Amino acid sequence: MKIIFHIGRYFSLMFRTLRKPERFRVYMKQVVSEIDSIGINSIGIVAIVSVFMGAVLTIQMAINFVNPLIPKYLISLGVRDTMLLEFTNTVVCLILAGRVGSNIASEIGTMRITEQIDALEMMGINSAGYLILPKIIAAIITFPFINLLSVILGIIGGYGFNYITRLVSMPDFIYGLHYYFIPFYVTYSLIKMVVFAIIITTVSAYHGYFTQSGALEVGRSSTRAVVYSIILILFFDLVLTQILLT
Amino acid sequence: MIRVLNISKSFQKQQVLFNISAEFYPGKVNQIIGKSGSGKTVLLKSIVGLHDILEGEIWIGDKEYSKASFSERRVIRQEMGLVFQGSALFTSLTVEDNVMLPLNMFSKMSRAEKLERVNFCLNRVNIDNANKLFPAEISGGMQKRVAIARAIVLNPKYLFCDEPNSGLDPQTSIVIDNLIKEITYEYNITTVINTHDMNSIMEIGDQIIFIFEGKNWWQGSKNEIFTSDNQELNEFVFASKLYQKIKTVSI
């Protein structure tokens, strides 16, 4: 019964969030600020993770592709496709759920317990729209760019590591990167990123918005936001992969 | 005028307000007084619509606010200002932006006009040269005054203050009280204040409602408090020896 209550309350909040904004210009200013907070500030961690993931994937592929019948260029093909299909969207979003999700939940939760949300409501401002909608839009705009950046940096990580260790000859590595490239994989990755962006921002905002009083509860909301975002990301990863790739 | 008719409110199974009826008049400082936990804040938040009531009616002017839809309420709320107990200033915005936010949302003024209005309101609450400071950089008393400036920036017809003196020193409390009183008289605002500060009650209260265990236990003027034989009211108001002496002298 509790889950039905939460689903109902979540959609009711989203309905309020998507109401027509009171003043577009104010919302746009918020969106720009959120692009900085949600997107730009996440680039550092995503870059580090992507470079290392690319390098580690190169090692793992090289270790496992030992059969002489398997061409060596498949190592870089494997790195490219694994990065594109799973790591740069799902794994990056799991990391972003921790960074962005907890940030959103604690920010909105703190606003709730310090009555800032009530203050917005008292001014006649739709607090859900004012606080949540700019975050959703900012995430939808920035996450696909983060995804593409992550793919590029992951491949650069693999390429750089291979350049140092020469697990595969460089011409083979480059050939594998180009070999049998399916452009739809990029579309698939971007679609997943947009869906995950919506999940992370809305689920975290939901937990923050309905924080009960007390600082301890803000921490709990933040934890719940991350946990539920991760669960939903994994679930929708499965659903989207089934729908889009089979 | 604000009219409250037989409102009740409960949280889960615990009833907090019982059939409260009251009227709050324009151009007067209407005070809701009572012990901590008596239901003052719940009553105030119910009147402004931050809590949904279980039963009863709330009339803001000639509109039945308790039955208004979400969008109707948003329109009515633009005529209200609320000063929260903890000020509730937006910590990420400067003093100027805090006061300007309602104008950004609902007025068609130019940037220069908005700035002029913000400076006028900040001036009115005796705040100078703090426009670019953040709430964390100013004192509690200043935060309260900024909250008042924000509450009056849209020229509200109704001003609600939830314990505006809590956490302030006696001198600053008097400044805040006088400010609220002046604004109320100057703009003919219907002001409703939640308080248990006796100085505030004696200094600025025009009409006083005493809430006891969630019920409207007594109402009258501050002068009537001295002659009232209501036991609970006397226990609350004259709890300190100082006020017992004042009562004796007054009588």
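The structure we're discussing is the one just above.
What counts and what doesn't
Residues numbered from 1 in each chain as written. Chains lettered and ligands numbered in written order. Predicted model: local features only at pLDDT ≥ 70, side-chain atom pairs only at ≥ 80, totals over all residues. Heavy atoms only, no water. Core = buried A, V, L, I, M, F, W, Y, C linked by side-chain atoms within 4.5 Å. Buried < 20%, exposed > 50% of the residue type's maximum accessible area, 1.4 Å probe, protein only. Contact = heavy atoms within 4.5 Å. 1 Å grid on protein atoms, 1.4 Å probe; cavity = no way out; pocket = protein on both sides within 12 Å on 5 of 7 lines; lining within 4 Å. Points joined across faces, edges and corners; volume = space filled by probe spheres on them. Helix = DSSP H or I, 4+ residues; strand = E, 2+ residues; numbered from the N terminus. Nonpolar A, V, L, I, M, F, W, Y, C, P; charged D, E, K, R; others polar. Pairing = 2+ DSSP bridges. Axes fitted to C-alpha atoms, helices over the stretch in contact; angles between N-to-C directions. Salt bridge = Lys/Arg side-chain N within 4 Å of Asp/Glu carboxyl O.

Participant: Help me understand the nonpolar core, please; the structure alone is not making it clear to me.
Facilitator: The nonpolar side chains of a soluble globular protein tend to be buried with one another. Counting residues in hydrophobic clusters, the biggest one holds 74 residues, and the most contacted among them are A:F143 and B:F160. The contacts of A:F143, once residues within four sequence positions are left out, are A:I38, A:C93, A:L96, A:M193, A:A197 and A:I200. B:V125, B:I148, B:A149 and B:I152 belong to the second largest nonpolar core, which has 31 residues in total.

Participant: Sorry, what's going on with the layout of surface pockets here?
Facilitator: Approximately 1300 Å³ is the volume attributed to the largest pocket. Taken together, 33 residues form the lining of the largest pocket, with A:R112, A:D118, A:F210, B:L50 and B:H51 sitting closest to its centre. For the lining of the largest pocket, the secondary structure elements donating two or more residues are α1 (2-17), α4 (73-113) and α5 (116-122) of chain A together with β1 (2-11), α1 (40-48) and α2 (70-77) of chain B. Counted by class, the lining of the largest pocket contains 12 nonpolar, nine polar and 12 charged residues.

Participant: Honestly, the sheet that holds strand β7 (residues 158-162) of chain B in this entry has me stumped. Any pointers?
Facilitator: Sheet strands associate in pairs through backbone hydrogen bonding, adopting either a parallel or an antiparallel arrangement. Residues and elements named next belong to chain B. The strand order across the open sheet formed by six strands is β6-β7-β8-β3-β9-β10, and the pairing between neighbours is mixed. Each end of this open sheet is capped by a strand with a single partner; those strands are β6 (80-83) and β10 (215-220). Direction aside, neighbouring strands of the sheet carry axes that sit 15° apart on average. Note that β6 and β7 share four bridges and pair parallel. Each bridged residue has a counterpart across the sheet, and for L82 the counterpart in β7 is F160.

Participant: What's the story with the pattern of salt bridges in this structure? I'm lost.
Facilitator: Pairs can form between side chains of opposite charge whenever their charged atoms are close. The full count for this structure, using the stated rule, is 21 salt bridges over all chains. Of the charged contacts, one joins A:D118 and A:R112 as a salt bridge, the two residues approaching to 3.4 Å between their closest N and O atoms. Given a relative accessible area of 13%, A:D118 falls into the buried group. Among the ionic pairs, B:K132 bridges to B:E96, the shortest N-O distance being 3.0 Å. Placement of the pair is B:K132 in the loop between α4 (111-124) and α5 (140-152) and B:E96 in helix α3 (residues 95-106), with a sequence separation of 36 residues. Counted as one network, the salt bridges with shared partners bring together A:R112, A:E115, A:D118 and B:K45.

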